[in-house]
Amino acid sequence: MKRFILSILAGILLLTTPGLASADNGTAALTEYRVPGLKNAAEIIVDHWGVPHIYASSQEDAFFVQGFNAARDRLWQIDLWRRRGLGQLSEVLGPAYVEQDRAARLFLYRGDMKKEWAAYGSDTQKIVTAFVNGINAYVDKALADPELIPEEFRILGYKPAKWSPEDIVRIRSHGLTRNLKSEVARAQIVSQFGGDVESIRQRLEPEWKMEIPEGVDYADIPKDVLKVYDLATQGVEFDQATKTLTQTSLAEELYEQANIGSNNWVVSGARTETGRPILANDPHRTLSLPSLRYIAHLSAPGMDVIGAGEPILPGISIGHNGKIAFGLTIFAIDQEDLYVYETNPKNPSEYRYKGKWVPMKEVKESVPVLDGQAQEVKLEYTTHGPVIYKDTEKNKAYAVRAAWLEPGMAPYLGSSSYMTAANWKEFSKAMNQWGSPSENQVYADTQGNIGWKPGGLTPVRKNWDGLLPVPGDGRYEWNGFLNQEKLPSEFNPARGYIGTANQMNLPKDYRFEQYKLGFEWATPFRFNRIDEVLGKNGKMSVQDALRLQTDYQSEPAKRIQPLLANLQPNNEKQKQALQLLKNWDVQLSPDSAAAALFEVWYQQHVRPAMVAKLVPAEAKQLIGAGDPVVILNLVEKPDQRLGDHPAQVRDELLLTTLDEAIKNMENLLGTDMTKWKWGDLHHAELKHPLAALVDEQTASKMNIAQLPRGGSADTVGNTSYSSGDFRQISGASFRMVIDVGNWDESVAVNSPGQSGDYRDPHYQDLFPLWAGDKAFPLLYSREKIEQAAEKKFVLTPGN
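Residues numbered from 1 in each chain as written. Predicted model: local features only at pLDDT ≥ 70, side-chain atom pairs only at ≥ 80, totals over all residues. Heavy atoms only, no water.

1. Comments concerning helix α9 (residues 180-193)
Okay, so step 1: With 14 residues, α9 extends 20 Å from end C-alpha to end C-alpha; this agrees with the ideal 20 Å at 1.5 Å per step.
Okay, so step 2: Burial runs high along α9: 12 of the 14 residues are buried.
Okay, so step 3: Residues Leu180, Lys181, Ser182, Glu183, Val184, Ala185, Arg186, Ala187, Gln188, Ile189, Val190 and Phe193 constitute the buried set of α9. (Helix = DSSP H or I, 4+ residues; strand = E, 2+ residues; numbered from the N terminus. Expected span 1.5 Å × (residues − 1). Buried < 20%, exposed > 50% of the residue type's maximum accessible area, 1.4 Å probe, protein only.)

Structure, rendered in structure tokens:
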């Protein structure tokens, strides 16, 4: 009990330096394990924030212990990841999951395993094997001692399974995929309403005239053409009641996907208080329980790396190794295409390719089913990839070509090469082998250097731009892949800093027309604010970087606020609301009344109303709220698309929608504007995937109660939310700020905690820190780690 109390206190107390959680020295509990497969004794020191620091006498043992420890903290999560990815859900959950299993199997890597392993770093197969052996060693311990098995297995009635090294690399469908859904949405809109309407949904960057490939009738593409693809890439749904819920539209799915991004930046020592570089990274993903990220520290001869990755992967993808620091965001390379085929009316499993009927490759597999007979599933492939839809009435078939199904494309596994790099040359070489997802990597080292190096497998499309589905008859082929040395990079720029936030960041002189990397980038709002802050003359500190990661200045609000001076209110409520917005600091703070009004007004009323002015009524469902940049530009500078008197039309729209927003706010938060708070609407709340399957008391322990949040999808502190209930749906999966060279002064936070077991104190102890925009020390030196030790595990070889 004493240790439990100490752990909770450590998670919520703050140091005298604002924004940091404090450590509380105490006696570390000791647990010993004898572990078959381990070569020599190793140690795990878990600090007060749940971060495991692993010490081993060899790198192979370090990765073995990393796997053992990942299973110790996240066994059900990683076991489910494996089952979902391999298509083995039906075996333990029943026949309702056979279709999802089939879809997952369709997108497994099925290529040459020698090419696969060779595509990563030279030691990757050895690393993965050691990691998997560590997982299996813990699974054996858990099967022998049921107390070690998480409750989720008991609730669902099955036991954890053993892994093989190939599982890690064959499963690809959990990674961040690219623009397939956008291709389909674009095809639907172009075929029905034309390119001008499509330009309201999605701007193209750099400016580009879309090419329409010949040979595809886009009106024929079925609305549910992506059903199998969605099944293959989605998580596992346990609550059968949700099956009756209305499916989200493609526009809503694309909106959510667009807001999954990240921020990173690196500042040279010339621009910091310490004279050392600072590197910051906060990758934005869908919020989940347990956390997507897991922070760990691996120390062995020749390797001393700390940071975050995903619990199902060996190594560290975001962090530092005592010599260099690294952090990533999405770099929008287009890595997917939808191919459309004419099929043989006499045999729908033959497709026309280069003038001939070619048989689809067929794979039959048996899917085990809980309490029932195994079901045979048929998987079909064209020369381009998995067949996701067959329309026998129109003699059409649809398949996906995805770069992430090529050798060396297991998501984030490329970090096994760069996480032990000692300098920019070694780091750049490793990034030239990076596959998936395509990333911006920022870099800093103890010599004071900073850099930016994107990586990702880039298809070469010589005769089209990748924006629309293409015929699969052989006219539209990938011509290999771009040499990654042709991707742009930057090293020690004169400005003294580099930042990325998924925005279009290709240099002006980059040969884009030749390489056509991709056209669909995030809004520039987050980057613009980062660039504004980093470009100031002051010196940055670790605390400044943490504050910037959680900055809530809204660019849409900043640009719209000057327009309010020209509006003439029609009633007292409008007058009061406009005054509230005019006097506002444009910060989406959780305690701000103006922030609440602005977000409801602009996002839920202004944007949809503007779209309604621009597109036919039938197109609105496909367009959604429109491209944020396109709509904001038009609000700020109305043009002829709004008629002969665009500014007048704009002003009338703003006043009409303001009335609607005030009524909306009164229903949500009452009639007293002065008492409105953005955080009373906008909140973070996490629900366990199995909460609906247990009693109310257990569910209350598994779920994590809501806390108020600031920000939006448009702020550096990205807190994208559902328009229905204002619940945050994506944002910083974790945050990290690294003081390069004085490593113990680095900070980090995970959400909601390091453990995946709701019975563990570290299941949700970090949630208040994360939601409160704070962090804890990311300790690196053995001395500091020992002082903050909460518990220790000693692992020795043997049975």
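2. With respect to the packing of helix α2 (residues 59-86) against helix α6 (residues 124-144)
Okay, so step 1: Interhelical geometry of α2 versus α6 gives an angle of 50 degrees and a closest axis separation of 7 Å. In terms of orientation, α2 lies oblique with respect to α6. Crossing angle aside, the handedness with which α2 passes α6 is right-handed. Contacts between α2 and α6 pair Glu60, Phe63, Phe64, Gln66, Gly67, Phe68, Ala70, Ala71, Arg72, Leu75 and Ile78 from the former with Lys126, Ile127, Ala130, Phe131, Asn133, Gly134, Ile135, Ala137, Tyr138, Val139, Lys141 and Ala142 from the latter.
Okay, so step 2: When grouped by side-chain class, the residues that make up the contact of α2 with α6 number 15 nonpolar, 4 polar and 4 charged. (Axes fitted to C-alpha atoms, helices over the stretch in contact; angles between N-to-C directions. Parallel < 35°, antiparallel > 145°, perpendicular 65-115°, else oblique. Left-handed = near helix turned anticlockwise from the far one by under 90°. Contact = heavy atoms within 4.5 Å. Nonpolar A, V, L, I, M, F, W, Y, C, P; charged D, E, K, R; others polar.)

3. Examining the sheet that holds strand β2 (residues 42-47)
Okay, so step 1: A sheet is described by the order of its strands in space; here 11 strands give the open sequence β1-β28-β2-β3-β6-β7-β8-β9-β17-β18-β20, paired in mixed fashion. In this open sheet, the two edge strands, each paired with only one partner strand, are β1 (29-35) and β20 (490-491).
Okay, so step 2: The pairing of β2 with strand β3 (residues 52-55) spans 4 bridges and is antiparallel. Bridge pairing links Ile44 to Ile54 in β3.
Okay, so step 3: Helix-sheet contacts for α2 involve β1, β2, β3, β6 (294-300), β7 (303-309) and β28 (789-797), and the interaxial angle to β6 is about 155 degrees. (Pairing = 2+ DSSP bridges.)

4. Let's talk about unusual backbone geometry
Okay, so step 1: Cis geometry marks the peptide bond from Glu205 to Pro206; its omega dihedral reads -10 degrees.
Okay, so step 2: Along the chain, Pro206 turns up in the loop between α10 (195-201) and α11 (227-233).
Okay, so step 3: Cis geometry marks the peptide bond from Leu289 to Pro290, where omega comes out at 0 degrees.
Okay, so step 4: Considering the arrangement of structural elements, one finds Pro290 in the loop between β5 (278-286) and β6.

5. Some words on the nonpolar core
Okay, so step 1: Grouped together as the largest cluster of nonpolar side chains are 157 residues, with contacts concentrated most on Leu93, Phe238, Trp265, Phe427 and Leu795.
Okay, so step 2: Tallying contributions element by element places α2 first for this core, with 13 residues. (Core = buried A, V, L, I, M, F, W, Y, C linked by side-chain atoms within 4.5 Å.)

6. Description of the side chain of Thr343
Okay, so step 1: Turning to its location among the elements, Thr343 is positioned in strand β10 (residues 336-344).
Okay, so step 2: One polar contact links the side chain of Thr343 to the main-chain amide nitrogen of Lys396, over a distance of 3.4 Å.
Okay, so step 3: Apart from residues lying up to four places away in sequence, Thr343 is in contact with Pro348, Glu350, Tyr351, Trp357, Met360, Asn395, Lys396 and Ala397. (Polar contact = N/O pair within 3.5 Å; in protein donor to acceptor, adjacent residues only side chain to side chain.)

7. Focus on the environment of Arg105
Okay, so step 1: Positionally, Arg105 belongs in helix α4 (residues 98-106).
Okay, so step 2: The buried category is assigned to Arg105, whose relative accessible area is 8%.
Okay, so step 3: Along the chain, Arg105 and Ala232 lie 127 residues apart, while their C-alpha atoms are 7.9 Å from each other.
Okay, so step 4: Ignoring sequence-local partners within four residues, the contact set of Arg105 consists of Leu86, Gly87, Gln88, Arg110, Glu365, Ser366, Val367, Pro368, Leu379 and Tyr381.

8. Some words on the pattern of salt bridges
Okay, so step 1: Following the criterion strictly, the structure yields 46 salt bridges and no others.
Okay, so step 2: Of the charged contacts, one joins Asp334 and Arg461 as a salt bridge, the two residues approaching to 3.4 Å between their closest N and O atoms. On the criterion of sequence distance, the pair formed by Asp334 in the loop between β9 (324-330) and β10 and Arg461 in the loop between β18 (450-455) and β19 (470-471) is long-range, its members being 127 residues apart.
Okay, so step 3: In this structure, the salt-bridge partner of Glu786 is Lys792, at a minimum N-O distance of 2.8 Å.
Okay, so step 4: When salt bridges with common partners are traced through the structure, they connect Glu362, Lys364, Lys378, Glu380 and Lys390 into a single cluster. (Salt bridge = Lys/Arg side-chain N within 4 Å of Asp/Glu carboxyl O.)

9. Quick notes on the pairing of β7
Okay, so step 1: Counted residue by residue, β7 has 6 buried out of 7 residues, so it is predominantly covered.
Okay, so step 2: Across 7 bridges, β6 lies against β7 in antiparallel orientation. The partner of Ser299 across the bridge, within β7, is Asp304.
Okay, so step 3: Connecting β6 to the antiparallel partner β7 that follows it, the hairpin turn spans 2 residues, and Gly302 within it adopts a positive phi of roughly 85 degrees.

10. Thoughts on the packing of aromatic side chains
Okay, so step 1: Under the definition given, this model contains 35 aromatic pairs.
Okay, so step 2: A centroid spacing of 5.3 Å and a plane angle of 5 degrees characterise the contact between Trp49 and Phe776, whose relative ring orientation is stacked. One end of the pair, Trp49, is in the loop between β2 and β3; the other, Phe776, is in strand β27 (residues 776-777), with 727 residues separating them in the sequence.
Okay, so step 3: Here Phe776 falls in the buried class, since its relative accessible area comes to 0%.
Okay, so step 4: An aromatic cluster of three or more residues is present, and its members are Phe326, Tyr412, Tyr418, Trp424, Phe427, Trp434, Tyr443 and Phe491.
Okay, so step 5: In this structure, Arg709 packs its charged tip against the face of Trp770, placed 4.4 Å from the ring centre. (Phe/Tyr/Trp six-rings, centres within 6.5 Å; stacked < 30°, edge-to-face > 60°. Lys NZ or Arg CZ within 6 Å of the ring centre and 35° of its normal.)

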